[in-house]
Amino acid sequence: CERNRMWRQSKRLAALFSSIDLVQNAKPIHHNLFMGQIDTIDQSDVYAFVTAGHYQLLLAHAKRARDEDSVKNFFAQVHSHLVKILLNPFQQLDAKIESRLFDKQIQKIGERYLRVM
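(A) Fine view of the nonpolar core. Formed by 17 residues in total, the largest nonpolar core has its most connected members in L59, V71, F74 and F75. Mapped onto this core, the elements with two or more residues apiece are β2 (44-50), β3 (56-62), α2 (68-86) and α3 (100-113). Among the elements that make up this core, the one with the highest residue count is α2 (seven residues). Excluding residues that lie within four positions of it along the chain, F74 makes contacts with L59, I106, I109, G110, Y113 and L114.

(B) Layout of α2. The end-to-end C-alpha distance of α2, which contains 19 residues, comes to 27 Å, matching closely the 27 Å that a straight helix rising 1.5 Å per residue would cover. Of all the positions in α2, only S70, V71, F74, F75, V78, H81, L82, I85 and L86 are classed as buried. Buried residues along α2 cover an arc of 140° about the axis, so they all sit on one side. What points out from α2, more than 90 degrees from its buried face, is the exposed set D69 and K84. Contact partners of the buried residues in α2: β1 (34-41), β2, β3 and α3. Regarding α2, its N-cap is D67, as a side-chain oxygen of that residue lies 2.9 Å from the backbone nitrogen of D69 further along.

(C) Spotlight on the packing of aromatic side chains. Within this structure, the stated rule accounts for three aromatic pairs. Centre to centre, the rings of F49 and F75 are 5.4 Å apart; their planes meet at 20°, and the pair counts as stacked. Of this pair, F49 sits in strand β2 while F75 sits in helix α2, and the two are 26 residues apart along the sequence. The class for F49 is buried, based on a relative accessible area of 5%. With relative accessibility at 1%, the residue F75 sits in the buried group. Aromatic ring contacts, followed pair by pair, group F34, F49, F74 and F75 into a single cluster.

Reading the values: the criteria
Residues numbered from 1 in each chain as written. Predicted model: local features only at pLDDT ≥ 70, side-chain atom pairs only at ≥ 80, totals over all residues. Heavy atoms only, no water. Core = buried A, V, L, I, M, F, W, Y, C linked by side-chain atoms within 4.5 Å. Buried < 20%, exposed > 50% of the residue type's maximum accessible area, 1.4 Å probe, protein only. Helix = DSSP H or I, 4+ residues; strand = E, 2+ residues; numbered from the N terminus. Contact = heavy atoms within 4.5 Å. Expected span 1.5 Å × (residues − 1). Arc of directions from axis to C-beta. Polar contact = N/O pair within 3.5 Å; in protein donor to acceptor, adjacent residues only side chain to side chain. Phe/Tyr/Trp six-rings, centres within 6.5 Å; stacked < 30°, edge-to-face > 60°.

Any functional reading would require information beyond the geometric quantities listed.
Structure, rendered in structure tokens:
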């Protein structure tokens, strides 16, 4: 049902927003880009990746996800595509990325690395 899907999606968003504080508190002591699993909320594990430019990438994924290496590879690929977008002189650094191609690329990366087993 559409209503249940939207409810699950809003719960994941709430989990991600609550995890932002965890990422910000850990950033000064964490030198790796991939921070690993930082939180667990309901049926989702929350992973974080912080770029050298201080962009915070968060992922809430079902606990049945692949191993942490798959999540790490997912973030590495997303980071690569993010850098390409941000190097575009027409993309403002603080603006929303509104590229259908970027969205499709991220979806493909997710399908490749985050397939639920």
